[in-house]
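Listed here are the chains, written in short residue letters.
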Amino acid sequence: MAPQRSLHPQVAHGSVVIEVEGLSKIYRVADKQPGLSGTLKHFMRRRHRDVHAVSDISFSIVPGEMVGFLGANGAGKTTTLKMLCGLIHPSAGQVVVAGHQPQKRHPDFLRRITLVMGQKQQLLWDLPPMDSLRVNAAVYGISDRDAKRRISELSDLLELGEELTRPVRKLSLGQRMKAELLAALLHQPDVLFLDEPTLGLDVNAQARVRQFLADYNQRTGATMLLTSHYMADITALCPRVLLIHQGHLFHDGPLDRLASRLAPERHVRLELDAPVGAEAFAGLGRLDSCCDCEVNLRVQPDELTAVVAQLLERFEVRDLEVNDPPIDQLIGDLFRQGKV
Amino acid sequence: MRVFGLNRKIIRVLLGTEYAHMLEYRAEIALWALSGVLPFIMLSLWNGSDARDALGMDGVGLDRYFLSAFLVRQFSVVWMIYAFEEDALTGRLSPYLLQPLHPLWRYVASHLGEQLTRLPFAAVITAIFFLIQPKAFWVPSLGHFVLAWLATWMAFSIAFLLQSLIASLCFWSEKASALERLLFIPFLFLSGLLAPITAFPPFVRTFAQWTPFPYLIDFPARVLAEQPVDLLAGFAIQLAWIVLLLPLVLLLWRAGVRRYSAMGA
């Protein structure tokens, strides 16, 4: 299915901070069958196959945008992020980030970006975060005064205090993640690549990290491309989402448009005064369930007004709700069913 | 201003931090220092052997040579491959690659921090050696000490570059440490850890001198022990190995980074 492009008006004016055109990444991996015979065959004649981790994706991101990157495990999200920040070289296609080709890793480029990986850390494990922050300040050429001011500002925002002088190994996962964010943002990057920044955090810590990212975007106008398995991260932070599946870009646009694309029907939940048989709902949309007094229907958006009017007219309705299905459920269903 | 990506502040902060980091492993480093007593074992073997005369050194000379070999080894030991391999395989290398500082400098700083942590342990072992062998006690002249320090530092540089060259193969093979084990055998025999190079037959000596190994232990140890050695030739060959290896490391690194798949990250 062709990706649905939704170019921001600024793209046309050239003020694009991330431009990706026909980007692909192919990994060559060893292909070994299980068991002794597979091992012997593999030893005698090694076979490889190409894995298309990312296939011909294109999109643009303008300065200050917060874009969510969705996809199941192995969909190609992290590979794309790695190519955008210059960690790995693309097999094909063009990438320009902040006016640079990321794979060249020019020092000016590296000063403008950061990559935060929820499951990996850059802080020295046995030392307090402050030691790693001092190293980062020196490496990025930040003066002692500026470094002190920035650490103070960011630690206030992140609600970090004495944790900065405690060994990293003694910090909780949430505290560690916040310290990682501080280390990654000390040089005030324009472009943030965030790979599962709330992974493993409890609900409160997730909310604090989300709030921090939103504040940071407001204060600095930084551009963010964020992957997360927590839909709450995406819905709270990202007006626009990219959905990638098996290396292909499936959707590029607002989250609600993705929802309507994935599930064009609306959910109608009825609570009736008295039980009614399922046959009574014939011609009133698709019946999901009819149990005692509770009825769930799916209705096409253009028929919704008429169907609701008929329901109210025909039945004694105690309560009626019209909802969109939860986006995470839709995406989960989509990946499970392999509909993409 | 930065030279090779470094300035005074980066050097100061990086070394200070890595020293603090290594101090956290002081017990482990003390054990590493103790595990480097191979030269003393060899000394006792040679002292009890009739073949000692073939080494061309008297008893005190041999004591000083092996003590110097121990000290040179303590301050030129390199474990780059193992650290790099782990970082490359677990993805810890990734954040280093995204900072405007060549990642190799971090490994250099780690080694220097570790050497500084070793210093007191090496000093204690040296003191114990002199208590056992008081006749071997000597204090090198300032000139010899400075030259020995320089030779040891250059030996460290050669060893570091050699291991970096092999470590860069991690970008291709993922298990480059196996190759290091191949290097260890010639290093053991030809570096002077088991016996001074002069003890070997002429054709082995000639062969050894075409390799970097004698310049990793034998040459700096002789300088420290104030034994006869061609200083100019020794330093020139050390420098030549550095000049040869450095561009190779940088080229292989650049090619390898293109293949980096940021595994585990």
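The numbering scheme is per chain: residues are counted from 1 as the chain's sequence reads. As a convention, the first chain written is A and the first ligand written is 1, with the rest following in written order. Residue-level local features of this predicted model are given only where pLDDT is at least 70; pairs of side-chain atoms are given and counted only at 80 or more, and the full residue set underlies all totals for whole chains, interfaces and linings. As a convention, hydrogens and water are excluded, and side-chain values are obtained from all of the structure's heavy atoms.

Trainee: Please explain the overall build of chain A as it appears in this structure.
Mentor: Each helix is a run of H or I in the DSSP string that is no shorter than four residues. Each strand is a run of E no shorter than two, and both are numbered from the N terminus. Assigned secondary structure in chain A consists of twelve helices and 13 strands. Each principal axis of the C-alpha distribution contributes one length, and for chain A these read about 75 × 60 × 50 Å. Across the 340 residues of chain A, 49% fall into the buried class. If you take every contact in chain A between residues at least 6 apart in sequence, the share linking residues at least 24 apart comes to 71%. Approximately 16200 Å² of chain A is accessible, and the part contributed by carbon and sulfur atoms is 49%. Counting 40 positive and 41 negative side-chain charges, chain A places the centres of these two groups 12 Å from one another. Burial status follows relative accessibility: with a 1.4 Å probe on protein chains alone, a residue under 20% of its type maximum counts as buried, one over 50% as exposed, and anything between as partly exposed. Note on contacts: a residue pair is in contact if any heavy atoms of the two residues lie within 4.5 Å. Shrake-Rupley sampling with a 1.4 Å probe provides the accessible areas, and residues are treated as covered by the protein chains on show and by no other component. Positive: Lys, Arg. Negative: Asp, Glu. His and the chain ends are not part of the count. Where a charge lies is defined by one atom per residue type: Lys uses NZ, Arg uses CZ, Asp uses CG and Glu uses CD.

Trainee: Sorry if this is basic, but what is going on with the overall build of chain B here?
Mentor: Counting its regular elements, chain B contains 13 helices and zero strands. Traced from its N-terminal end to its C-terminal end, chain B shows the element sequence α-α-α-α-α-α-α-α-α-α-α-α-α. Radius of gyration means the value over C-alpha atoms here, while the globule rule gives 2.2 Å times the residue count to the 0.38 power. Rg of the C-alpha trace for chain B: 19 Å, near the compact-globule value of 18 Å for 265 residues, within the 12% margin. Long-range contacts, defined here as pairs at least 24 residues apart, represent 79% of the contacts in chain B between residues at least 6 apart. Of the roughly 12500 Å² that chain B leaves accessible, carbon and sulfur atoms contribute 72%. A distance of 9 Å separates the average location of the 19 positive side-chain charges in chain B from that of its 16 negative side-chain charges.

Trainee: Would you explain the interface of chain A and chain B in this entry?
Mentor: One widely used convention gives an interface's size as the accessible area the parts lose upon coming together. Between chain A and chain B, the residue contacts involve 33 residues of the former and 28 residues of the latter. Here chain A meets chain B over a buried area of about 2700 Å², counting both sides, of which 61% is carbon and sulfur. Looking only at chain A, the three residues that lose the most surface to chain B are A:Leu87, A:His89 and A:Val139, adding up to 20% of its buried area. Salt bridges are defined as contacts in which a side-chain nitrogen from Lys or Arg sits within 4 Å of a carboxyl oxygen from Asp or Glu. The interface formed by chain A and chain B holds two salt bridges in total. Across the pair A:Asp144 and B:Lys9 runs a salt bridge, and its minimum N-O distance is 2.8 Å. For the side of chain A that touches chain B, the secondary structure elements donating two or more residues are helix 3 (77-85), helix 4 (107-112), strand 5 (113-117) and helix 5 (129-139) of chain A. Here the side of chain A that touches chain B takes six residues from helix 5 of chain A, the largest share from any one element. Split by residue class, the side of chain A that touches chain B holds 16 nonpolar, eight polar and nine charged. In this description, buried area is defined as the sum, over both parts, of the accessible area (probe of 1.4 Å) that is lost when the two are combined. Charged residues are taken to be Asp, Glu, Lys and Arg, nonpolar residues to be Ala, Val, Leu, Ile, Met, Phe, Trp, Tyr, Cys and Pro, and polar residues to be all remaining types, Gly included.

Trainee: Looking at this structure, how should I read the pairing of strand 1 (residues 18-30) of chain A?
Mentor: When a strand is regular, its side chains alternate between the sheet's two faces. Residue and element names in this part refer to chain A. Only strands joined by at least two bridges in the DSSP assignment are considered to pair. Sheet topology places strand 1 next to strand 4 (residues 92-97); five bridges connect them, and they run antiparallel. For Glu21, the partnering residue across the bridge sits in strand 4 and is Gln94. Pairing of strand 1 with strand 2 (residues 48-61) involves ten bridges; the strand directions are antiparallel. The residue bridging Arg28 from the neighbouring strand is Asp50, located in strand 2.

Trainee: Teacher, can you tell me more about the sheet that holds strand 13 (residues 317-323) of chain A here?
Mentor: To summarise the sheet geometry, strands pair through backbone hydrogen bonds and adopt either a parallel or an antiparallel arrangement. Residues and elements named next belong to chain A. The strand order across the open sheet formed by four strands is 11-12-10-13, and the pairing between neighbours is antiparallel. Lying at the two open borders of the sheet, with one neighbouring strand each, are strand 11 (286-291) and strand 13. This sheet shows a mean twist of 15 degrees between the axes of neighbouring strands, independent of strand direction. As defined by bridge partners, strand 10 (residues 266-272) adjoins strand 13 across six bridges and the pair is classed as antiparallel. Looking across to strand 13, one finds that Arg269 is bridged to Glu321. Of the strands in this sheet, strand 10, strand 12 (294-299) and strand 13 are in contact with helix 11 (residues 304-314), which crosses strand 13 at around 165 degrees. Here an axis means a line fitted to C-alpha atoms, over the contact stretch when the element is a helix, while the angle between two N-to-C directions is reported on a 0 to 180 degree scale.

Trainee: I tried to follow the sheet that holds strand 4 of chain A on my own but got confused; where do I start?
Mentor: Residues and elements named next belong to chain A. One open sheet accounts for three strands, arranged 2-1-4; its pairing is antiparallel. Only two strands of the sheet have a single neighbouring strand rather than two, namely strand 2 and strand 4. Between one strand axis and the next, the sheet turns through 30 degrees on average, direction left out of account. On top of the sheet, helix 3 reaches strand 1, strand 2 and strand 4; it is set at about 120 degrees to strand 1, its chief contact.

Trainee: Can you walk me through the side chain of A:Thr223 in this structure?
Mentor: Residue and element names in this part refer to chain A. Relative to the assigned elements, Thr223 resides in strand 7 (residues 223-227). Since its relative accessible area comes to 2%, Thr223 is described here as buried. Not counting chain neighbours up to four residues away, the residues in contact with Thr223 comprise Val17, Ile61, Val62, Pro63, Gly64, Glu65, Asp190, Val191 and Leu192.

Trainee: What is the right way to read helix 2 (residues 26-34) of chain B from this model?
Mentor: The periodicity of an α-helix, 3.6 residues per turn, causes residues three or four places apart in sequence to face the same way. All names here are of chain B. Residues of helix 2 that are buried: Ile29, Ala30 and Ala33. What you see down the axis of helix 2 is that its buried residues fit within an arc of 105 degrees, all on one side. Counted as exposed and oriented over 90 degrees from the buried face of helix 2: Ala27 and Leu31. Looking at the buried positions of helix 2, the neighbouring elements they touch are helix 1 (8-23), helix 4 (59-74) and helix 7 (103-132). Here the arc refers to the set of directions running from the helix axis out to each C-beta atom.

Trainee: What am I meant to see in the packing of aromatic side chains here?
Mentor: Here the distance between the centres and the angle between the planes together describe a pair of aromatic rings. All names here are of chain B. Stacked, tilted and edge-to-face are the three classes assigned to paired rings of Phe, Tyr and Trp, where Trp is represented by its six-membered ring and a pair needs centres within 6.5 Å; plane angles under 30 degrees give stacked, over 60 edge-to-face, the rest tilted. If you walk through the whole model with that rule in mind, you get 19 aromatic pairs over all chains. An angle of 55 degrees between the planes, with centres 5.5 Å apart, marks the rings of Phe84 and Trp253 as tilted. Of this pair, Phe84 sits in helix 5 (residues 80-90) while Trp253 sits in helix 13 (residues 231-259), and the two are 169 residues apart along the sequence. No difference in accessibility class separates Phe84 from Trp253, as the two residues are buried.

Trainee: How should the packing of helix 4 of chain B against helix 7 of chain B be read in this particular structure?
Mentor: Any two packed helices are characterised by how steeply their axes cross, that is the angle between the axes, and by the distance between the axes. Residue and element names in this part refer to chain B. For the pair helix 4 and helix 7, interaxial distance at closest approach is 10 Å and the crossing angle is 165 degrees. With respect to their mutual orientation, helix 4 and helix 7 come out roughly antiparallel. Judged by the twist between their axes, the crossing of helix 4 over helix 7 is right-handed. Here Asp63, Leu67, Phe70, Leu71 and Gln74 of helix 4 come into contact with helix 7, specifically with Gln115, Arg118, Ala122, Ile125, Thr126, Phe129 and Phe130. The residue makeup of the contact of helix 4 with helix 7, split by class, is seven nonpolar, three polar and two charged. Note that the term roughly parallel is reserved for angles under 35 degrees, roughly antiparallel for angles over 145, roughly perpendicular for angles of 65 to 115, and oblique for everything else. Crossings are sorted by hand: turned counterclockwise from the far helix by less than a right angle, the near helix makes the crossing left-handed, and turned clockwise it makes it right-handed.

Trainee: When you look at the nonpolar core in this model, what are you seeing that I'm missing?
Mentor: Soluble, globular proteins show a tendency: their nonpolar side chains are buried together. The nonpolar core is taken to be a set of buried Ala, Val, Leu, Ile, Met, Phe, Trp, Tyr and Cys residues, with the residues joined through side-chain atoms within 4.5 Å. In this structure, A:Ile18, A:Val97, A:Phe193 and B:Phe84 are the most contacted members of the largest nonpolar core, which totals 113 residues. Discounting residues that sit within four places of it in the chain, A:Phe193 has contacts with A:Ile18, A:Leu81, A:Leu84, A:Cys85, A:Val97, A:Ile113, A:Thr114, A:Leu115, A:Val116 and A:Leu225. In this structure, A:Leu133, A:Leu158, A:Cys238 and A:Leu262 belong to the second largest nonpolar core, which totals 48 residues.

Trainee: Looking at this structure, I do not really get the environment of A:Val67. What am I missing?
Mentor: By secondary structure assignment, the location of A:Val67 is in strand 3 (residues 66-70). Through-space distance from the C-alpha of A:Val67 to that of A:Leu213 is 12 Å; in sequence the pair is 146 residues apart.

Trainee: Explain the pattern of salt bridges to me, please; I cannot follow it from the model alone.
Mentor: A side chain of one charge can pair with a side chain of the opposite charge when the charged atoms of the two come close. If you walk through the whole model with that rule in mind, you get 23 salt bridges over all chains. Measuring nitrogen to oxygen at the nearest pair gives 3.9 Å for the salt bridge that ties A:Arg169 to B:Glu24. A residue pair is termed interchain when its members come from two chains, as with A:Arg169 in the loop between helix 6 (144-158) and helix 7 (173-185) and B:Glu24 in the loop between helix 1 and helix 2. The exposure class of A:Arg169 is partly exposed, given its relative accessible area of 35%. Each member of the salt-bridge network shares a partner with another, and the members are A:Arg269, A:Glu271, A:Asp273, A:Glu294, A:Arg318, A:Asp319 and A:Glu321.

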